[in-house]
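This is what each chain is made of:
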Amino acid sequence: MEQPASAYFMEERHDPNETHTLSILVQNEPGVLARVIGLFSGRGYNIESLTVSETESQKHVSRITIVTTGTPMVIQQIKHQLDRMIPVYRVVDMTLTGRSIERELAMVKLRGTGEHRVEALRLAEAFRARVIDATTESFVFEITGNSQKINQFIDLMRPLGLVEISRTGVAAIGRGAEGM
Amino acid sequence: MAEAIHIRAVRMGPLGPFFIAETTEPISNQTKPRRGAHPEPVMSENERHNPNQMTGAAMIVRALADHGVKHIFGYPGGAVLPIYDEIFQQDEVEHILVRHEQGAGHAAEGYARSTGKPGVVLVTSGPGATNMVTPLTDALMDSIPLVCITGQVPTHLIGNDAFQECDTVGITRPCTKHNWLVRRIEDLPKVLHEAFYVATTGRPGPVVVDVPKDVQFATGLYHPPRKSDVHISYSPRLKGDASQIRKAVALLASAKRPVIYSGGGVINSGREASKLLRELVAATGFPITSTLMGLGAYPASGANWLGMLGMHGTYEANMAMHDCDVMLCVGARFDDRITGRTDAFSPNSKKIHIDIDPSSINKNIRVDVPIIGDVGNVLGDMLQVFKAEAKKPDIKAWWGEIAKWRARNSLAYKKNDEVILPQFAIQRLFEATRGRDTYITTEVGQHQMWAAQFYGFEEPHRWMTSGGLGTMGYGLPSALGVQVAHPDSLVIDIAGDASVQMTMQEMSTAVQYELPIKIFILNNQYMGMVRQWQQLLHGNRLSHSYSEAMPDFVKMAEAYGGVGFQVFKPGDLDGAIMDMIKVKKPVLFDCRVATLENCFPMIPSGKAHNEMLLPAEANDEATAAAFAGGKALV
């Protein structure tokens with residue numbers, strides 16, 4: 001690579017990107033989410049999906065699930081950078097454990113009549129999506145599954161009168177008896 | 001005294017810059033003297049006699065005293081007046097009034113770096129807090145423990161764009177190790193104690209405690225520091241893993257071409273770490289180099305010392321790093337000024353990395369044996385294992401190679417009888433001050449690199465410089481902080497003419513507190529490092545790197561109430577330096593040096609450690625070749 005006139009060393013990095021799902025247990029206090037997100041934006045890391053909720057209210061513990069991409073070195077950096085934050089209890093790379101389940105919930109609104117409506121209902125049944133709201137010209141489906149399944153469902157709904165989508169982002173948990 | 005305080009309190013009056021919502025009583029109706037515009041707290045008889053019952057402002061001052069703080073640096077303003085009122089009424093903690101909050105921050109950094117204790121800063125809301133952003137970032141980059149207390153507008157005004165309001169915790173979140181906004185008086189003692197704990201433990205760093213004015217006025221129950229004040233999620237690892245240490249020792253014992261590369265972490269770990277590092281060097285016989293931040297951990301006069309490494313490091317240090325087979329990195333972080341191009345960094349070595357911060361491991365350079373822990377602890381364990389299980393490897397051939405690199409004399413410069421060369425000035429300053437109880441601070445630029453190259457540091461905590469952030473204007477206030485901590489020592493800021501003007505106002509602080517800091521300015525009338533890069537990389541188009549209207553530093557010193565010196569000739573330098581040392585007042589020493597001198601040796605951009613440009617070879621053609629891309633080199 002041609003070195004431009006710069007005080008910094010320009011290098012290309014060729015390591016392939018990987019996608020990892022991280023589960024982060026944090027003390028639920030003001031600003032904790034801003035700290036986590038600020039770390040990602042400040043250091044130029046990617047967030048593909050982010051899910052946050054308090055999971056143990058008595059202990060004020062929240063669980064953040066982040067899906068991120070980067071080279072293996074960057075993924076390791078992200079984990080270390082998260083781990084050293086004061087309100088962070090634990091960071092677990094769910095992808096590395098290889099024994100985790102990921103789920104996402106989506107609500108999908110369709111508008112249409114006639115054959116499109118029938119076809120949408122038929123597909124929804126195949127995907128085990130539930131109708132949670134209906135009018136004579138619309139449906140709202142609720143679907144749960146991994147992200148690929150939801151993407152696939154949305155793609156199928158698109159020509160059938162898709163109006164809008166609301167997705168929760170990914171939540172993940174390990175298989176088996178052990179907690180994180 | 002009580003009388004004076006009373007009068008002062010009345011004069012200040014109840015009208016703060018903020019109105020407290022709870023105050024319903026009209027101001028004119030007030031009959032009894034009050035300390036502020038807040039209602040008298042309702043207290044039971046029992047509480048009234050509890051010595052730990054106090055206002056938030058009093059808690060802050062009490063917590064400082066409980067943490068052994070002797071000096072704080074700060075600047076008052078509306079949102080911290082209750083705290084300043086408490087400071088006025090006690091004498092355990094001495095407050096140093098600076099002229100700009102940035103000065104307070106760097107002074108606290110100098111104080112911390114030279115003592116190993118946390119530096120403490122007190123500033124007001126809004127601009128007070130934003131002016132602290134530079135020193136906080138500086139302290140974060142260089143791992144300096146700072147506790148910064150900021151005032152904030154009252155809680156009910158937060159988010160209202162109130163006068164002198166800013167989102168302090170939002171702004172300082174990325175430039176602190178941690179920060180807190182204290183909304184309830186009940187949380188204040190715990191947060192204050194945790195702040196000191198977080199700043200000083202693990203990898204040290206700056207913290208901010210933002211205290212709204214109503215919390216400063218509110219009354220609550222103080223408690224002294226206790227264990228439960230700290231987040232249970234925060235537990236830095238201090239002890240190194242024994243099996244990793246054993247692996248490291250085995251590598252060290254088998255080394256043919258070893259090098260020890262130490263950094264600021266050794267200084268941060270404490271004096272014991274420097275002692276252990278010296279013992280390890282003695283036990284192994286290995287050559288040692290250090291980063292800018294690590295200078296002084298191993299003495300510059302030591303037999304195994306290679307000099308500093310990196311972009312402006314010595315040839316022998318960089319070549320040893322490039323050609324070594326085992327590298328022991330102790331408390332350093334493979335920063336880009338150190339590694340040069342990472343894909344050509346020390347290609348054939350096994351690397352051991354000791355660091356307290358796991359995120360430093362494998363960040364820039366993949367290492368083979370990471371050891372997470374406090375440098376002092378790990379070095380102690382490592383030394384023990386080495387002494388018990390290994391013997392000094394025979395590395396005579398390696399020292400032979402190093403001697404050849406050394407013979408290249410990479411710090412050489414052409415002597416001149418007419419003009420003072422900056423390198424010569426620092427050598428003379430070093431000769432005049434060695435053996436004395438001296439502390440050196442610097443600004444940022446060429447003079448900083450020359451100071452690192454030519455001033456020999458024998459002890460840790462004697463060298464204060466802005467390494468990571470590269471903050472011009474760091475040196476003068478930092479010297480101030482050092483002098484406050486060491487009133488009888490000789491404190492010199494090796495400065496550049498451009499940097500020093502960024503925080504020059506602190507001369508006034510030095511005069512006020514009779515701090516005889518010596519500002520030794522290498523005045524080349526340029527932003528020297530900028531000019532050097534423009535010459536080497538931008539066709540010598542010296543865009544805005546020349547200071548057209550240089551102030552008369554001698555008159556400036558006198559205007560502040562200090563003493564000025566000006567020297568043009570090499571022959572006058574020694575005498576003037578001796579005179580400067582004798583002066584017991586703040587000094588501006590205007591040392592006029594060669595204007596176009598470049599700082600060598602140098603690793604050009606995109607080059608590896610073994611492609612250094614040496615001063616003897618840095619003629620125009622070689623420089624042009626080394627900086628391929630910079631076409632119109634002059």
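For the structure itself, look to the data block above.
Criteria and thresholds
Residues numbered from 1 in each chain as written. Chains lettered and ligands numbered in written order. Predicted model: local features only at pLDDT ≥ 70, side-chain atom pairs only at ≥ 80, totals over all residues. Helix = DSSP H or I, 4+ residues; strand = E, 2+ residues; numbered from the N terminus. Rg over C-alpha atoms; globule rule 2.2 N^0.38 Å. Buried ≥ 20, exposed ≤ 12 C-beta atoms within 10 Å, placed from the backbone. Contact = placed C-beta atoms within 7 Å. Pairing = 2+ DSSP bridges. Right-handed = clockwise from strand over helix to strand, strands pointing away. Axes fitted to C-alpha atoms, helices over the stretch in contact; angles between N-to-C directions.

With that settled, consider the overall build of chain A. Along its length, chain A carries 5 helices and 9 strands. Overall, chain A shows an N-to-C arrangement of helices and strands of β-α-β-β-α-β-α-β-α-β-β-α-β-β. Its C-alpha atoms give chain A a radius of gyration of 20 Å, more than 25% over the compact-globule value 16 Å for 180 residues. Projected onto its principal axes, the C-alpha positions of chain A cover 65 × 55 × 30 Å. Looking at the 180 residues of chain A, the share that counts as buried comes to 27%. For chain A, the share of sequence-separated contacts (at least 6 apart) that also reach a separation of at least 24 residues comes to 73%.

From N to C terminus, chain B includes 25 helices and 20 strands. A compact globule built from 634 residues should have a C-alpha radius of gyration of about 26 Å, and chain B, at 26 Å, falls within 12% of that. For the C-alpha atoms alone, the extent of chain B along its principal axes is close to 85 × 60 × 45 Å. Burial analysis of chain B (634 residues in total) assigns 54% to the buried set.

Residues and elements named next belong to chain A. For strand β6 (residues 130-135), the tally of buried residues reaches only 0 of 6 residues, placing the bulk of the element at the surface. In this sheet, strand β7 (residues 138-145) lies alongside β6 in antiparallel orientation, the contact comprising 5 bridges. Bridge pairing in β7 links Thr-135 to Ser-138.

Here the focus is helix α14 (residues 315-323) of chain B. Residue and element names in this part refer to chain B. The element α14 is extensively covered by neighbouring structure, given that 8 of its 9 residues are classed as buried. Taken together, the buried positions of α14 are Tyr-315, Glu-316, Ala-317, Asn-318, Met-319, Ala-320, Met-321 and His-322. Each element contacted by the buried residues of α14 is listed here: β9 (258-262), β10 (288-290), β11 (305-308), β12 (326-330) and α17 (396-406).

Residue and element names in this part refer to chain B. Inspection of the secondary structure puts Val-61 in helix α3 (residues 56-66). According to the C-beta neighbour criterion, Val-61 is buried, with 25 such atoms within 10 Å. Counting along the chain gives 282 residues from Val-61 to Asp-343, while the straight-line C-alpha distance between them is 51 Å.

Here we take up the pairing of strand β3 (residues 94-97) of chain B. Residue and element names in this part refer to chain B. Inspection of the sheet shows strand β2 (residues 71-74) paired to β3 by 4 bridges, in the parallel sense. When the sheet's bridge partners are listed, Phe-73 is paired in β3 with Ile-96. Note that the unit made of β2, helix α4 (residues 81-88) and β3 has a crossover that is right-handed.

Glycine aside, negative phi is the norm for most residues, and most peptide bonds take the trans geometry. Residues and elements named next belong to chain B. In this structure, Pro-601 follows Phe-600 across a cis peptide bond, with omega equal to -5°. As for its placement among the helices and strands, Pro-601 is situated in the loop between β20 (587-592) and α25 (620-626). Despite not being glycine, Gln-164 shows a phi value in the positive range, around 55°. Tracing the sequence through the fold places Gln-164 in the loop between β5 (146-152) and α8 (168-172). For Asn-540, which is not glycine, the phi dihedral falls at a positive 55°. Take Asn-540: it is sitting in the loop between α22 (528-537) and α23 (553-560).

This part takes up the sheet that holds strand β14 (residues 369-372) of chain B. Residue and element names in this part refer to chain B. The 6 strands lie next to each other as β11-β10-β9-β12-β13-β14, forming an open sheet whose pairing is parallel. Of all strands in the sheet, those with a lone pairing partner are β11 and β14, marking the two edges. For this sheet the average axis-to-axis angle between neighbouring strands, irrespective of direction, equals 15°. The pairing of β9 with β10 spans 3 bridges and is classified as parallel. Following the sheet pairing, Ser-262 is matched in β10 by Ser-290.

Residue and element names in this part refer to chain B. Tracing the backbone shows Pro-225 in the loop between β8 (219-221) and α11 (242-253). Of the residues examined, Pro-225 has 16 C-beta atoms within 10 Å and is grouped as partly exposed. As for Pro-225 and Asp-210, which are separated by 15 residues in sequence, their C-alpha atoms are 19 Å apart. Beyond its immediate stretch of four places on either side in the chain, Pro-225 contacts Asp-66 and His-193.

Its place among the elements puts B:Ala397 in helix α17. Separated by 124 residues in sequence, B:Ala397 and B:Ile521 have C-alpha atoms that sit 43 Å apart.

Pairing between sheet strands relies on hydrogen bonds along the backbone, with the strands arranged either parallel or antiparallel. Residues and elements named next belong to chain B. In space, the 6 strands of this open sheet follow the order β16-β15-β17-β18-β20-β19, with parallel pairing throughout. This sheet does not close on itself; its edge strands, each paired only once, are β16 (463-464) and β19 (563-567). Strand direction decides the pairing type here: strand β18 (residues 518-523) and β20, joined by 6 bridges, are parallel. By the bridge assignment, Ile-519 is partnered in β20 with Leu-588. Together, β17 (490-496), β18, β19 and β20 form the strand contacts of helix α24 (residues 570-582), whose direction differs from that of β19 by roughly 170°.

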